[in-house]
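Coordinates in review
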Amino acid sequence: MESKSTFSVKELNKSFAGLKAVDNVSLHLETGEVLGLIGPNGSGKTTLINLMTGMLDKDSGHISLDSHNIGEMPAYRVPFYGLVRTYQTIRIFKNLSCLENAMIGALGVGTKHREAARLAVGLLEELGLGDKIDLPAQSLTFRDQRLLEIARALAAQPKFMLLDEPAAGLNEEETDELLSLLKPMPHSKKIGIIIVEHDMRLIMNLCNRLHVLNYGKTIAEGKPEDVRNNPEVVKAYLGSAAS
Amino acid sequence: MNLAKKLSNQQENIKQPAAKDISQYFDFSRKSSTVVILIAILVVIGYFIWWLNIPFIEDIFTAGTITLIMTLGFQLFMGNSGILNWSYVGYVGIGAFASAIFSMTPAVKTMQIPTMYPFLINLHLPFPVALLAGALVAMTVAAIIAWPLMRLSDAVGAITQFALLIVINVMLSQWSQVTNGPRTFTLGGKRLTTLWVALGVAVLVIIAVYYFKESSLGLKLRATRDDRYAARSSGINFVAVRYCAYVASAFIGGLAGGLYSHYILSITAASFYMSELFMILSMVVIGGSMSVSGAFFGTLLVTLLRQFLRQVELFLTRSGFEASGSTEIVVAVLMIIFLIWQADGITGGRELSWRSIKRRLPSGSKKRNKVLKNKKQEEKA
Ligand SMILES: Nc1ncnc2c1ncn2[C@@H]1O[C@H](COP(=O)(O)OP(=O)(O)OP(=O)(O)O)[C@@H](O)[C@H]1O
Ligand SMILES: [Mg+2]
């Protein structure tokens, strides 16, 4: 009954002046799933997100959302097909109010003004920013700015959301809070999430599957428990994080 | 099986949040009070000055109102896009010349500008139509050249706009068959831009500029100003939204230019160049470039200041001191001071609204103090 959407990336490549930042990476995701994209610093996670959303031009490969070949579209067309993102280094509209920030997500994909405001208010309240609706975004705390970016992404009513280190800079308590906000979303909003994070607790609690990168290459993918015990992953990533 | 599905569907239906009541975000105070306040201030001052009936003051007000239209058109693009738009005065110039050419009678044109193309000499439109047509010419020029420029941001964007201003200025000052070249272009006839004409257009422009800013398009443009990348990945084509605002801004600039030429009655290309841009820029910066209220109060303040300084300058020159140009210096220094300590201008980039006034009123702050006191007492308890 319920129609699922599929996001898939095939054999994606990107080099920066000889450095292979993303090396033949393929992945796929369905709505309702959470995929954890992990790997050591500089392993190409952010670059992969930039490629998937069209913010960077790929060297080769295919990116599709259902039957749409979004890999060939300019970045500003991508959200129309249901793919949105947040940034590792927070990017909010600092002079706009929270309401306006969140509304942009909806207006960007062609939602009418009133409807955009309605969506934005609902999401801001849901994420606990309800009492800050009128404040300029630059006056928010770090935590709230991260949540605001998520609200803006969700206001586009996407099918897939890519989160680039949403917990970076948050303390343990704030990270737990973020976890409890994100946890029900795949089901309640019928979206698929790809999350990049270094916080393993968040990753292990949230993800159905993991995808591990090292030097731009996929070194493991699969169930979190399996990946955690994969010797190559332990060597490349978990080992270095544990040490 | 089916039953289970039905049940879960029902549960989901229950989970759907009720439609949000958002009317409070679209009430008078938020959406319209700014426009009403600004227009009321302008009309009250205008009416009072008309009633005083002192030609000297009436002239200052009319010229100031024309300047206000210029700064509003300038704010429309620069304030919302964050790009310093040097070429703007060029469009003011185009509107000034074009509307004058449209409104002058063939007889006057033959006498004043004998070099003019015959087909231009024969054109003759009533003043309001000529004013609109002049603005449309400015807008069309902008629409033709702007697209490739809208890609450019920050310093590169400003430099390109600067180069474009020089191109427009050279065209205006050299095209003898249209603008009378570097010689003065005299309109002849009587002053058509009266106090009430300028005031009427200013009211319309305040409404247009404010609702543009608050529209979906204006909001998208402001998003690109704050973060181009985030705007792009939210679905905004920044070239397209900038283009729309740039063309609209050229239209208002052209309109202001037409009003100006029919007020001052003799113009040259040099009337639409650096010193005019500097004047507009200083008003928008001192008022606060990010809001319509900023452009409004910046214009009001700087106009008054300039009039005052001009009198001081005159007085000093008469009493034997060499003081010419000191007005410009004072305004420039003031602008620098603002950029260093209060970059968002006197309005702080916000709009003056009924809410912001209420908050400042003594009764409003009393209420707030009460709330604060209550909170403190609660904390103590
Ligand atoms: N625009 C760029 N130009 C040149 N090199 C780049 C660029 N962006 C990324 N790189 C390089 O590509 C590699 C992958 O970087 P990327 O930012 O994707 O890593 P990451 O996995 O997101 O790391 P982190 O966990 O630190 O965020 C790094 O070696 C980086 O230096
Ligand atoms: Mg990264």
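Residues numbered from 1 in each chain as written. Chains lettered and ligands numbered in written order. Predicted model: local features only at pLDDT ≥ 70, side-chain atom pairs only at ≥ 80, totals over all residues. Heavy atoms only, no water.

What about the pairing of strand β2 (residues 19-30) of chain A?
All names here are of chain A. By the bridge criterion, 8 bridges tie strand β1 (residues 6-16) to β2 in an arrangement that is antiparallel. Each bridged residue has a counterpart across the sheet, and for Phe 16 the counterpart in β2 is Leu 19. Connecting β1 to the antiparallel partner β2 that follows it, the hairpin turn spans 2 residues, and Ala 17 within it adopts a positive phi of roughly 45 degrees. (Pairing = 2+ DSSP bridges. Helix = DSSP H or I, 4+ residues; strand = E, 2+ residues; numbered from the N terminus.)

Section: the interface of chain A and chain B
Every contact between the two is made by 34 residues of chain A and, on the other side, 28 residues of chain B. Contact between chain A and chain B buries roughly 2900 Å² in total, counting both sides, with carbon and sulfur atoms accounting for 59%. A per-residue breakdown of the area chain A buries against chain B is headed by Tyr 76, Phe 93 and His 113 of chain A, which together make up 19% of the total. In this structure, the salt-bridge partner of Arg 222 of chain B is Glu 100 of chain A, at a minimum N-O distance of 3.3 Å. (Contact = heavy atoms within 4.5 Å. Buried area = accessible area lost by both parts, 1.4 Å probe. Salt bridge = Lys/Arg side-chain N within 4 Å of Asp/Glu carboxyl O.)

Comments concerning the domain arrangement of chain B
Residues and elements named next belong to chain B. If you check the domain split of chain B, you get domain 1 (33-272) and domain 2 (275-352). When each unit is reduced to the centre of its C-alpha atoms, the spacing between domain 1 and domain 2 is 20 Å. Contacts between the two partners involve 31 residues from domain 1 and, on the opposite side, 22 residues from domain 2. Taking both sides of the interface into account, the surface hidden between domain 1 and domain 2 amounts to around 2200 Å²; carbon and sulfur atoms contribute 80%. For the domain 1 face of the interface with domain 2, the top three residues by lost area are Leu 38, Thr 71 and Gln 75, together amounting to 21%. Where domain 1 touches domain 2, the interface holds 1 salt bridge. Between Glu 351 and Lys 213 there is a salt bridge, and its shortest N-O distance comes to 2.7 Å. The tally of links between domain 1 and domain 2 comes to 4 residue pairs in polar contact (both at pLDDT 80 or more). Among the elements that make up the side of domain 1 that touches domain 2, the one with the highest residue count is helix α4 (residues 55-81) (12 residues). Residue composition of the side of domain 1 that touches domain 2, grouped by class: 21 nonpolar, 8 polar and 2 charged. (Domains from an automatic or database assignment. Polar contact = N/O pair within 3.5 Å; in protein donor to acceptor, adjacent residues only side chain to side chain. Nonpolar A, V, L, I, M, F, W, Y, C, P; charged D, E, K, R; others polar.)

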